[in-house]
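What the coordinates show
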Amino acid sequence: MSAKEFMEWSSQVFDEVMRASGVKRGVDKITRPIWSWALRNSLFPLHFGIACCALEMAAASAPRWDAERFGFVFRSSPRQCDVLLVNGWITSKLRPDLRRLYEQMPEPKWVVAMGECAISGGPWYDSYNVVQGVDTFIPVDIHIPGCPPRPEAMLDGFLKLQDKIRHSTKGTFLED
Amino acid sequence: MAEMWINMGPQHPMTHGLWNLRVKVDGETIIEAEPVVGYLHRGWEKLTENRTYPQIIPLSDRLCYGASMSWSHLYCLAVEELMGVEVPERAEYIRVIVLELQRIASHLMWIAAYGTDLGLLTGFTYAMRERELFLDLLQSVTGARITYNYPRIGGVRNDLPAEFERDCLRALDFFEKKLDEYELIYDGSKIFLMRTQDVGVLTPSDGMNLGVTGPNLRGSGVKVDLRKTDPYSVYDELEWDMCTHPDCDCYARYRVRMEEMRMSAYIVRQALSKMPPGPFRVKPPRNAPKRTAVARVEDPRGEGLMYVIGDGTDKPYRLKVRSPIFVSVSAVPAILRGYKVADVPAIMGSIDMCLGETDR
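**Some details on the interface of chain B and chain A**
Each partner contributes residues to the interface: chain B has 33 residues there, and chain A has 36 residues. Taken together, both faces of the contact between chain B and chain A bury some 3000 Å²; the carbon and sulfur share is 63%. Counting the surface chain B buries against chain A, the share from its top three residues, Gln11(B), Arg42(B) and Arg145(B), is 21%. The tally of links between chain B and chain A comes to four salt bridges. Across the chain B-chain A interface, the total number found is 15 residue pairs in polar contact (both at pLDDT 80 or more). Looking at the side of chain B that touches chain A, the elements with two or more residues in it are α1 (44–48) and α5 (121–142) of chain B. The element best represented in the side of chain B that touches chain A is α5(B), accounting for eight residues. Across the side of chain B that touches chain A, the residue classes tally to 15 nonpolar, nine polar and nine charged.

**Some points on unusual backbone geometry**
The amide bond that connects Glu107(A) to the next residue, Pro108(A), takes the cis arrangement and shows omega of -10 degrees. Structurally, the position occupied by Pro108(A) is in the loop between α4 (95–104) and β3 (110–114). A cis geometry characterises the amide bond from Cys147(A) onward to Pro148(A), with omega recorded as -10 degrees. Looking at the element boundaries, Pro148(A) is found in the loop between β5 (142–144) and α6 (151–168). A positive phi angle, near 50 degrees, is found at Asp66(A), a position not held by glycine. With a phi angle near 65 degrees, Glu163(B) is a residue other than glycine that sits in the positive phi range. Of note, Glu163(B) is situated in the loop between β5 (155–156) and α6 (164–187).

**Topic: the sheet that holds strand β1 (residues 83–86) of chain A**
Residues and elements named next belong to chain A. Across the sheet, three strands lie side by side as β1-β3-β5; this open sheet has parallel pairing. A strand with exactly one partner marks an edge of an open sheet, and here the two such strands are β1 and β5. With direction set aside, neighbouring strand axes in the sheet form an average angle of 15 degrees. Of the strands in this sheet, β1, β3 and β5 touch α6, which is tilted by about 165 degrees from β5.

**Thoughts on the state of the cysteines**
Residues and elements named next belong to chain B. Within the structure shown, the criterion is met by zero disulfides over all chains. Unpaired in this structure, Cys248 has its nearest cysteine sulfur neighbour in Cys250, at a distance of 11 Å. For Cys248, a relative accessible area of 10% gives the class buried.

**Focus on the domain arrangement of chain A**
Partitioning chain A into structural domains gives domain 1 (7–40) and domain 2 (52–168). Just the C-alpha atoms count here: the centres of domain 1 of chain A and domain 2 of chain A sit 33 Å apart.

**A word on the nonpolar core**
Within the largest apolar cluster, 151 residues are counted, with the highest numbers of intra-cluster contacts made by Leu98(A), Val134(A), Leu21(B), Tyr65(B), Met306(B), Leu336(B) and Met348(B). Per-element tally for this core: the top contributor is helix α4 (residues 89–117) of chain B, with 15 residues. Ignoring any residue separated from it by four or fewer positions in sequence, one finds Leu21(B) in contact with Ile6(B), Asn7(B), Met8(B), Met14(B), Ala33(B), Glu34(B), Pro35(B), Val332(B), Leu336(B), Val344(B) and Met348(B). Within the second largest apolar cluster, 21 residues are counted, among which are Ala60(A), Val83(A), Leu85(A) and Met114(A).

**Thoughts on the sheet that holds strand β3 (residues 29–36) of chain B**
All names here are of chain B. Pairing is antiparallel across the open sheet formed by three strands, whose spatial order is β1-β2-β3. Here the strands that pair on one side only, and so sit at the sheet edges, are β1 (3–8) and β3. Averaged over all adjacent pairs, the angle separating strand axes in this sheet is 20 degrees, with direction ignored. Where β1 meets strand β2 (residues 20–26), six bridges bridge the pair, whose relative direction is antiparallel. Across the sheet, Met4 pairs through a bridge with Val25, a residue of β2.

**Quick word on the packing of aromatic side chains**
Residue and element names in this part refer to chain B. In this structure the tally under the stated criterion is 14 aromatic pairs over all chains. Geometrically, the ring pair formed by Trp110 and Tyr114 is stacked, given 4.8 Å between the ring centres and 20 degrees between the ring planes. Here Trp110 and its partner Tyr114 are both found in helix α4, four residues apart, which amounts to about one turn of the helix. Relative accessible area serves as the criterion here: at 1%, Tyr114 is assigned to the buried category.

**Some thoughts on the packing of helix α11 (residues 250–274) of chain B against helix α14 (residues 344–351) of chain B**
Residue and element names in this part refer to chain B. Where α11 contacts α14, the axes come no closer than 9 Å and their chain directions differ by 35 degrees. Relative to α14, α11 is oriented so that their crossing is left-handed. In this structure, α11 contributes Cys250, Arg253 and Arg257 to the contact, and α14 contributes Ala346, Ile347, Ser350 and Ile351. Partitioning the contact of α11 with α14 into residue classes produces four nonpolar, one polar and two charged.

**Overview of α6(A)**
Residues and elements named next belong to chain A. For α6, with 18 residues, the first-to-last C-alpha span of 26 Å sits near the 26 Å given by 1.5 Å per residue. Taken as a whole, α6 has its buried residues at Pro151, Met154, Leu155, Gly157, Phe158, Leu161, Gln162 and Ile165. Buried residues of α6 fall within an arc of 155 degrees about the axis and therefore sit on the same side. Residues of α6 that are buried sit in contact with α2 (23–40), α3 (52–60), β1, β3 and β5.

**Section: the pattern of salt bridges**
Residues and elements named next belong to chain B. On inspection of all chains with the given rule, the structure shows 40 salt bridges over all chains. In this structure, Arg95 engages Glu80 in a salt bridge whose closest nitrogen and oxygen atoms are separated by 2.7 Å. Here Arg95 is found in helix α4, whereas its partner Glu80 is found in helix α3 (residues 68–83), with 15 residues between them in sequence. Taken as a pair, Arg95 and Glu80 share a single burial class, namely buried. Glu132 is the partner of Arg145 in a salt bridge, and the nearest nitrogen-oxygen pair spans 2.9 Å. Taken as a pair, Arg145 in the loop between α5 and β4 (151–152) and Glu132 in helix α5 lie far apart in primary sequence, 13 residues in all. One exposure class covers both Arg145 and Glu132, and it is buried. Shared partners join several salt bridges into a network, and the residues in it are Glu100, Arg103, Arg218, Asp225, Arg227, Glu260 and Glu298.

What counts as what
- Residues numbered from 1 in each chain as written.
- Chains lettered and ligands numbered in written order.
- Predicted model: local features only at pLDDT ≥ 70, side-chain atom pairs only at ≥ 80, totals over all residues.
- Heavy atoms only, no water.
- Contact = heavy atoms within 4.5 Å.
- Buried area = accessible area lost by both parts, 1.4 Å probe.
- Salt bridge = Lys/Arg side-chain N within 4 Å of Asp/Glu carboxyl O.
- Polar contact = N/O pair within 3.5 Å; in protein donor to acceptor, adjacent residues only side chain to side chain.
- Helix = DSSP H or I, 4+ residues; strand = E, 2+ residues; numbered from the N terminus.
- Nonpolar A, V, L, I, M, F, W, Y, C, P; charged D, E, K, R; others polar.
- Pairing = 2+ DSSP bridges.
- Axes fitted to C-alpha atoms, helices over the stretch in contact; angles between N-to-C directions.
- Disulfide = S-S within 2.5 Å.
- Buried < 20%, exposed > 50% of the residue type's maximum accessible area, 1.4 Å probe, protein only.
- Domains from an automatic or database assignment.
- Core = buried A, V, L, I, M, F, W, Y, C linked by side-chain atoms within 4.5 Å.
- Phe/Tyr/Trp six-rings, centres within 6.5 Å; stacked < 30°, edge-to-face > 60°.
- Left-handed = near helix turned anticlockwise from the far one by under 90°.
- Expected span 1.5 Å × (residues − 1).
- Arc of directions from axis to C-beta.

See the structure below:
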């Protein structure tokens, strides 16, 4: 048995013992609320302005609404982000890039579709170049309706996302 | 040293909007640049062929969301000329007021974004705070914050609300004091001056040959402003000066926009005091005659133009849009050549990109 094989075997045994003895369940019960609290209070959306709603995104992080008090800090690299905020119409030229951005983000990740265009195509419902809704190629967690939604609506959508995380966080000790 | 291409965009903190700048660098020096636009193309001109004339107004709001009022106003101007509609004088004054308020809001958005580009985050928070004042004013008139749907063919949708004049004057008084504060912040910042002065020089001949318009060209010292040189609406009845700056660099473009905000506040005050009573809207005909019409306005970003062909029905046969930023972005190779990669955010930020109208 090589060293690598031994490591794999021993971790597997450890895993099985922890699961069978109920230790994992006990630890998860304690750590799950902490994990969920940390996740939902430091949501980092991607700084990616597409169209009109990008201005409301900027206004939401400006002094009057100040999204940072809820822990929403906009980051410029997808590798530092939890939330992909899609704020505008998706054209067929942008679609592969957006999909790649989504795949570059590390787990756990959520997608928020902001505005009519990202939800269903909006006023461009009969356009030849607009993808009719971002949920046709990326799973969406929260829809924020409006054209464009006000910053309050955007913050409300993000608070809904926090609720969603609170109710759906999985265990953290030994991957499920 | 080896030359290579760098892609900046479509997701990049430098791009305000959605576009891609490919630069060819030799070490740190840019020797070639190539803008790639079209990420927001939704076939606007084609869509308008399937809409009736009033239905296009909300669409033209979404052409440039930074200055949506001036685009729906431009569309209404073009269709009014096509249909031969005379606009009541009160409507013209209301339009001038909301257009200038929109210009201030748009320039404030630009100042805020430029501050974040150059690491001046205080500028961002201050400018966005004062922008809310003007969005509140526009909201009290139109009911929306960004996409207003306010001008109509033959006037405006509704009259100014009661006590608008009081609120507007109060906001302008407050804003003019704040504008001095911005100048202290921006002009007093050594980093800001070092990153903008003598950077991104656009010579007047280059600017005119490449078709650059608006504050970018006035920053090169060329006296072109359609509100003065080809007056529309009631701009010729008001007294105001064109704002130019002879330096041709990013700092000059910043100065022009600051002066324009001051001048816009001055125009709004005048228009408020001169506004006549009367109707604010006339009923336009449903169908347009078989002919063509052109209208052009001074957008906050440059010269916007619309060309309409009517064919006797209630839908346009063709609607062509000339976008100022689509033309300005073609000047990017000329501006960027010879500067360092680190200057790209300063230079491209000073152009004031708006991709909605560029890609249409």
